[in-house]
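# Residue-level structure breakdown
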Amino acid sequence: MEQYRPLAGVTVVELATFVAAPYAARAMADWGADVIKIEPPKGDPMRMMGGLLNMPTDNERENPAYDQQNANKRGIVLNLKHPEGMAVLHRLLAKADIFITNNRQEALERMGLSYEQLSPRYPALVYGQVSGYGENGPDKDRPGFDFTSYYARGGISGTLYEKGTSPLLTVAAFGDQQVSLALLSGLCAALFNARRTGKGEKVSVSLYQTALYCMCHMIASSQYGKNPYPRSRLDTANPFQAAYPTKDGRWIQGAVNAYDREYARICRLVGREDLAEDERYSTFQRVKDNPRPFIQELDKAFRQKTADEWVKIFDEADLPFDKEMLWEEILEDPQAWGDDDLCRVEGYPDREGLGTSRVLVRSPVKFRNMGLPPYEKGPKIGQHTDRVLEEAGLSQEEIRLLHDSGAVQ
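So, here is what we can say about the structure in this document. Within each chain, residues carry numbers counting from 1 in the order of the written sequence. Two thresholds apply to this predicted model, a pLDDT of at least 70 for residue-level local features and 80 or more for giving and counting side-chain atom pairs, whereas whole-chain, interface and lining totals are computed over all residues. Only hydrogens and water are set aside when side-chain values are computed; all heavy atoms of the structure are taken into account.

The pairing test for Phe, Tyr and Trp rings, Trp by its six-membered ring, is centres within 6.5 Å, and the orientation test on the planes gives stacked under 30 degrees, edge-to-face over 60, and tilted for anything in between. Inspection of the entire model under this criterion finds 21 aromatic pairs. Here the aromatic rings of Phe99 and Tyr127 are separated by 5.3 Å at their centres, their planes lie at 70°, and the arrangement is edge-to-face. A residue pair is termed long-range when its members are at least 10 positions apart, and Phe99 in strand S4 (residues 98–101) and Tyr127 in strand S5 (residues 126–131) qualify at 28 residues. With relative accessibility at 0%, the residue Phe99 sits in the buried group. Only protein chains enter the accessibility calculation, which uses a 1.4 Å probe. A residue is then buried if its area is under 20% of the maximum for its type, exposed if over 50%, and partly exposed in between. For Tyr127, a relative accessible area of 1% gives the class buried. A centroid spacing of 6.0 Å and a plane angle of 70° characterise the contact between Phe240 and Phe294, whose relative ring orientation is edge-to-face. Pair noted here: Phe240 is in the loop between helix H9 (216–222) and strand S7 (243–245) and Phe294 is in helix H12 (residues 292–302), with a separation of 54 residues, a long-range link. For Phe240, a relative accessible area of 1% corresponds to the buried category. Put simply, the rings of Phe240, Tyr259, Tyr263, Tyr281, Phe284 and Phe294 touch in pairs and so form one group of aromatic residues. A run of H or I in DSSP counts as a helix once it spans at least four residues, and a run of E counts as a strand once it spans at least two, with each numbered from the N terminus.

Judged by which residues are buried, strand S8 (residues 251–254) turns out to be one-sided: Ile252 and Gly254 face inward and are buried, whereas Trp251 and Gln253, on the alternate face, are not. Each pair of strands is called paired provided DSSP finds at least two bridges between the two strands. Here three bridges tie S7 to S8, and the two strands are oriented antiparallel to one another. In the sheet register, Pro245 faces S8, and the bridge partner there is Trp251. Between the end of S7 and the start of S8, which pair antiparallel, lie five residues, with Gly249 showing a positive phi angle near 80°. Alignment of S8 against strand S9 (residues 321–323), held across three bridges, turns out to be antiparallel. When the bridges of S9 are listed, Gln253 appears paired with Asp322.

Looking now at the nonpolar core. Here, nonpolar core means buried Ala, Val, Leu, Ile, Met, Phe, Trp, Tyr and Cys residues that are tied together by side-chain atoms lying within 4.5 Å of each other. Counting residues in each nonpolar core, the largest one holds 34 residues, and the members touching the most others are Val12, Met28, Ile98, Ile100, Leu183 and Leu187. If you list the elements that add at least two residues to this core, you get helix H1 (20–30), S4, S5, helix H6 (146–152), helix H7 (174–197), strand S6 (201–206) and helix H8 (207–214). In this description, contact between two residues means that some pair of their heavy atoms is separated by no more than 4.5 Å. Among all residues touching Ile100, those that are not within four sequence positions of it are Val12, Val13, Glu14, Leu15, Ala16, Ala21, Ala25, Met28, Gly128, Leu183 and Leu187. Ile36, Val88, Leu93 and Tyr115 belong to the second-largest nonpolar core, a separate cluster that totals 29 residues.

On to the side chain of Ser232, then. Turning to its location among the elements, Ser232 is positioned in the loop between H9 and S7. There is a polar contact of 2.9 Å between the side chain of Ser232 and the side chain of Glu162. Nitrogen and oxygen atoms within 3.5 Å of one another constitute a polar contact, given that in protein one can donate a hydrogen and the other can accept it, and given that sequence-neighbouring residues count only through two side-chain atoms.

What follows is about the sheet that holds S9. What links the strands of a sheet is backbone hydrogen bonding, and the strands pair in either a parallel or an antiparallel sense. Reading across from one edge, S7-S8-S9 is the order of the three strands in this open sheet, with antiparallel pairing throughout. At either end of the open sheet lies a strand with only one pairing partner, and these are S7 and S9. Each neighbouring strand pair of the sheet contributes to a mean axis angle of 25°, computed without reference to strand direction. Helix H13 (residues 307–316) contacts S8 and S9 of the sheet and is inclined by roughly 155° relative to S9. Axes, fitted as lines to C-alpha atoms, cover a helix only where it is in contact. Angles between the N-to-C directions of the axes lie from 0 to 180 degrees.

A pairing counts as a salt bridge when a side-chain nitrogen of Lys or Arg comes within 4 Å of a carboxyl oxygen of Asp or Glu. All chains considered together, the criterion is met by 35 salt bridges. The salt bridge partner of Glu391 is Arg74, with a shortest N-O separation of 2.7 Å. In this pair, Glu391 is assigned in helix H16 (residues 385–391) and Arg74 in strand S3 (residues 74–77), connecting sequence segments 317 residues apart. Exposure remark for Glu391: the relative accessible area of 37% places this residue in the partly exposed category. Residue classification places Arg74 among the buried residues on the basis of a relative accessible area of 16%.

So, on to the packing of H1 against H7. Look at H1 against H7: their axes get within 8 Å of each other, and the N-to-C directions meet at 55°. With respect to H7, the element H1 is oriented oblique. Pair H1 / H7 crosses with right-handed handedness. Side by side, H1 and H7 meet where Ala20, Ala21, Tyr23, Ala24, Ala27 and Met28 of the first sit next to Asp176, Gln177, Val179, Ser180, Leu183, Leu184, Leu187 and Cys188 of the second. Angle categories are assigned with fixed cut-offs, so that under 35 degrees is roughly parallel, over 145 is roughly antiparallel, 65 to 115 is roughly perpendicular, and the rest are oblique. By the definition used in this description, the sense in which the near helix is turned from the far one sets the handedness, with an anticlockwise turn below a right angle giving left-handed and a clockwise turn giving right-handed.

Put into structure tokens, the structure is as follows:
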């Protein structure tokens, strides 16, 4: 029996690069949509980004960074500077349900691919666009990447770091991944409406606004003054929400909100019975304005055991503390495997210690009835061009002429 997939029958045309927009399309491919990724002759620049993270970027054999953004898609190459290449794109759009792009507005208008230009021609088309700063405002035409639009301008790297040190060392594509989920939700909502009414819609998501959304509580709180960031972990208002160094040089992170209720119990669990009745720290109201002395006492306690020992103690007490993991440890984390958050993908070159499979991350939404989707590596450059053109109604001779002219590859 063929696997149920909720977006089966939906066609997505993707004209996008890097991470945010392509990852939204990748999730739709996981869910059964036919995603046709359009690349220029040189390919999506994402094909080379793995090198920044010490990963291979061999487009023919091994490119895991690209695969994670483009799994389960079909890939074609169109030269949109060539009139016949643009004509092929329009043939695809005529049959598409969704068009996804992260091209800047001026470039889209020059190509005749803005929403305003396409909507009259394809009134049921759902149009998704990712930008750095949004559609309006004085910075709407600025280039944007997650390092600048999301982390920096969004108030993340400038505030979330240990006081007295440098701004947060950011991780490439982290902001893009948040944007992809926002775009994905908007596209699905617009698709539902288009199927119901026959009317398309433009879905616009920016790196900047997504960062503001993620930081909404801190932005709202800043209008009341006394913004505590950047701050030292020693000044965490609730000491049971701070991170603590352990005997083995690792860190354990707490997230206990019920401070007053759990105060005495946690003091006993960490071997500080002498503090269990200490009125200086026993309520949140007493400790919040000067938490440093208590956190320093807890520092001494947490250094007496390893992170794993502390996790076991707090698990048995059903209290939320967890070890701060390293990425390489996640590769072996039984929870990641037990919940199918990771996938072992076959078909890579045989490497010592790795074999022919690589561990990649699945998209985060699961469907009970659908089960786990396949995880096909991202398409090679132009891998599906001829097949997609055939499905669009072009003859073998027409396809040959398009190749000869340089309009497709």
